[in-house]
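Architecture at a glance
One-letter residues, chain by chain:
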Protein chains: 2
Amino acid sequence: MKVAILGYGNIGRAAEEAIKAAPDMELAGIFHHNDCLECIDADVVLVATPTREVQKFATVLAARGICTVDSFDIHGQIWSLRESLDAVCQSNKTVSVISAGWDPGSDSMIRALLMAMAPKGLTYTNFGPGRSMGHTVAAKAIKGVKNALSMTIPLGTGIHRRMVYIELEEGADFKTVEAAILADDYFAHDETHVIPVASVDQLNNVAHGVNLVRSGVSGETHNQRFEFNMEINNPALTGQVMVSCARAAMRMKERGVYGAKTMIEIAPIDLLPGTTETLVKALV
Amino acid sequence: MKVAILGYGNIGRAAEEAIKAAPDMELAGIFHHNDCLECIDADVVLVATPTREVQKFATVLAARGICTVDSFDIHGQIWSLRESLDAVCQSNKTVSVISAGWDPGSDSMIRALLMAMAPKGLTYTNFGPGRSMGHTVAAKAIKGVKNALSMTIPLGTGIHRRMVYIELEEGADFKTVEAAILADDYFAHDETHVIPVASVDQLNNVAHGVNLVRSGVSGETHNQRFEFNMEINNPALTGQVMVSCARAAMRMKERGVYGAKTMIEIAPIDLLPGTTETLVKALV
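Everything numeric here is computed off the predicted structure, so don't read it as measured data.

It is worth spelling out the interface of chain A and chain B at this point. At the interface, 60 residues of chain A touch 60 residues of chain B. Approximately 5,100 Å² of surface area, both sides summed, lies buried where chain A meets chain B, with 70% of it carried by carbon and sulfur atoms. The three residues of chain A that bury the most area against chain B are Trp79(A), Leu283(A) and Val284(A), which together make up 14% of that side's buried surface. Inspection of the region where chain A meets chain B yields 22 residue pairs in polar contact (both at pLDDT 80 or more). Those elements that provide at least two residues to the side of chain A that touches chain B are helix H1 (10–21), helix H3 (78–91), helix H4 (106–117), strand S11 (207–218), strand S12 (221–233), helix H7 (234–254) and helix H8 (276–283) of chain A. Where S12(A) meets strand S12 (residues 221–233) of chain B, seven bridges bridge the pair, whose relative direction is antiparallel. Residue pairing in the sheet places Glu227(A) in a bridge with Asn229(B) of S12(B).

Residues and elements named next belong to chain B. If you walk across this open sheet you meet the four strands as S7-S8-S9-S10, and the pairing is mixed. Unpaired on one side and paired on the other, strand S7 (130–131) and strand S10 (191–196) mark the two borders of the sheet. The sheet contact formed by S7 and strand S8 (residues 145–154) spans two bridges and is antiparallel. Across the sheet, Gly130 pairs through a bridge with Thr152, a residue of S8.

With that out of the way, let us pick up the sheet that holds strand S5 (residues 95–97) of chain A. Residue and element names in this part refer to chain A. The six strands are arranged S2-S1-S3-S4-S5-S13 in an open sheet whose pairing can be described as parallel. Whereas interior strands pair on both sides, the edge strands pair on one side only; in this sheet they are strand S2 (26–31) and strand S13 (259–261). Going from strand to strand, the sheet's axes swing by 20 degrees on average, the running direction of each strand aside. Note that strand S1 (residues 2–6) and S2 share four bridges and pair parallel. From the neighbouring strand, Lys2 faces S2, where its bridge partner is Glu26.

So, about unusual backbone geometry. Of the consecutive residues Gly128(A) and Pro129(A), the connecting peptide bond is found in the cis state with omega at 0 degrees. On the secondary structure map, Pro129(A) appears in the loop between strand S6 (120–127) and strand S7 (130–131). At the junction of Asp103(B) and Pro104(B), the peptide bond is cis and its omega measures out at 5 degrees in the coordinates. With respect to the helices and strands, the residue Pro104(B) is situated in the loop between strand S5 (95–97) and helix H4 (106–117).

All names here are of chain A. Per the domain assignment, the segments of chain A are domain 1 (2–104 + 235–283) and domain 2 (120–218). Domain 1 and domain 2 are separated by 29 Å when their C-alpha centres are compared. The partner domain 2 presents seven residues to the four residues of domain 1 that form the contact. Interface area for domain 1 against domain 2, summed over the two sides, is near 350 Å², with a carbon-plus-sulfur share of 76%. For domain 1, the biggest contributors to the area lost against domain 2 are Trp102, Asp103 and Pro235; these three give 90% of the whole. Where domain 1 meets domain 2, there are zero salt bridges. The interface formed by domain 1 and domain 2 contains zero residue pairs in polar contact (both at pLDDT 80 or more). Partitioned by chemical class, the residues of the side of domain 1 that touches domain 2 number two nonpolar, one polar and one charged.

Residue and element names in this part refer to chain B. Relative to the assigned elements, Ser71 resides in the loop between strand S4 (67–70) and helix H3 (78–91). For Ser71, a relative accessible area of 17% translates into the label buried. Residues within four places of Ser71 in sequence aside, it is in contact with Ile11, Val47, Thr51, Ser99, Ala100, Gly101, Thr238 and Met242.

Moving on, we get to the pairing of strand S11 (residues 207–218) of chain B. Residues and elements named next belong to chain B. Sheet analysis places strand S6 (residues 120–127) next to S11, joined by eight bridges and oriented antiparallel. When the sheet's bridge partners are listed, Lys120 is paired in S11 with Val217. Note that S11 and S12 share 11 bridges and pair antiparallel. Bridge pairing in S12 links Gly209 to Glu231. Hairpin connection between S11 and S12: a loop of two residues separates the two successive antiparallel strands, and Gly219 in this loop has a positive phi of roughly 65 degrees.

The rules behind these values
- Residues numbered from 1 in each chain as written.
- Chains lettered and ligands numbered in written order.
- Predicted model: local features only at pLDDT ≥ 70, side-chain atom pairs only at ≥ 80, totals over all residues.
- Heavy atoms only, no water.
- Contact = heavy atoms within 4.5 Å.
- Buried area = accessible area lost by both parts, 1.4 Å probe.
- Polar contact = N/O pair within 3.5 Å; in protein donor to acceptor, adjacent residues only side chain to side chain.
- Helix = DSSP H or I, 4+ residues; strand = E, 2+ residues; numbered from the N terminus.
- Pairing = 2+ DSSP bridges.
- Axes fitted to C-alpha atoms, helices over the stretch in contact; angles between N-to-C directions.
- Domains from an automatic or database assignment.
- Salt bridge = Lys/Arg side-chain N within 4 Å of Asp/Glu carboxyl O.
- Nonpolar A, V, L, I, M, F, W, Y, C, P; charged D, E, K, R; others polar.
- Buried < 20%, exposed > 50% of the residue type's maximum accessible area, 1.4 Å probe, protein only.

Written as structure tokens, this is what we have:
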């Protein structure tokens, strides 16, 4: 299976390692945003570009009949990406796996499975401790901020604290900057602490975590309790999940199942190398 | 979707509750081991018989083109059940979901997903605290034992302690019975404690649990840590999982995907009621 990477940031680099470690894949090249997409010769392309550019690139590749995998992560826009790419994939008999990371992605599969195990109840997804890209970008955009890092701290029941570490621009007033951050829509709804530091770079760390909890009802039996925890290197996991989904895309295409698929639409076995017999014997 | 139940023990009863709670199902009858299988009019039959009778009943039903779901739980024989039922299902254009409980079953899906997230590493499935049916039956078979309950206690890294509560027959010698239990192949390899009690019935409790742990490598990044825990009512969860798998069996059959499938071969979305759009928007 020839797998190429489009975009070579943290996730592209991690995906490269995961492709090289896969027993059934070869790296078909690493491409950048402005390279010629028509020149990519691969069975699957991992679209590891910034999330807002995913749709454009995935559409061009799917129109060529190439499978794609992305980790598009704007939760409110996943369905519209799926609808738009699905049509292109169906017309060109290919498969695009979308939003393939850990959330959205593997967490989504866990949430779906837990709902099947206890259909009534509440699921809370608690993120962190780990860096929030969206909040970090929002803090960096505040006037007087030279560099920033926004950490997400889980407080349970889906409530999060924001710890915002900032490096001030010369002459900037901390109290003014702090007030601007606290008033920003990204931070105004959560408990937020702003902390001045000498160097944000010294704090950077790609560790992240999830604590996903469900208490629910199976049949008429209440108090069924489930919990999924992970502590991971964020880009390494995202890159690995994309690579595993590349395999699933090819499997579905080979079976004549075309379209854009989220991870809850993928059977776990299709993520793994090996035969059905080997995998059933090892995992079931 | 008309769903019938064959076998009306703990799991059959729990499945009945789950069918009644499902928005898209109606109960098509409850049947016993010696009822006329030809008389069952249903889209799916949940085979909730003792595990050793599953193959016989599922084969007859699949040969009639009816979908089946079972919770066959002898790990070493799952592949041969799948092979045998697969042929019947393919010939009769139907689907049998096999080994659909929590282990084998939902735990298997988690194990497969974790392997896709960190392909190299170790997964430990720690069971309990909860009653082990196999060990309880083995203890009951010892001479001098009137009634028994064998609890499985997780000690981590897949190692388990057996706590065996026994009610002695009149005149039986505790030390002799204890020695016989400790020498039995079911108990000889684990730390086992035998405890005499006045009434085993007073101890019975269908609570069970799992602690499933994986530490592995994503790409070239080590120390990726994952943990899945649950504390559940055992038959209630098994019955619910079977009912969710009944839905998946019908979905696959409607798409023209026939055969015998384990849960790792099922996409999580197929376990749930509702449209793809609703489920993607709610869970991804």
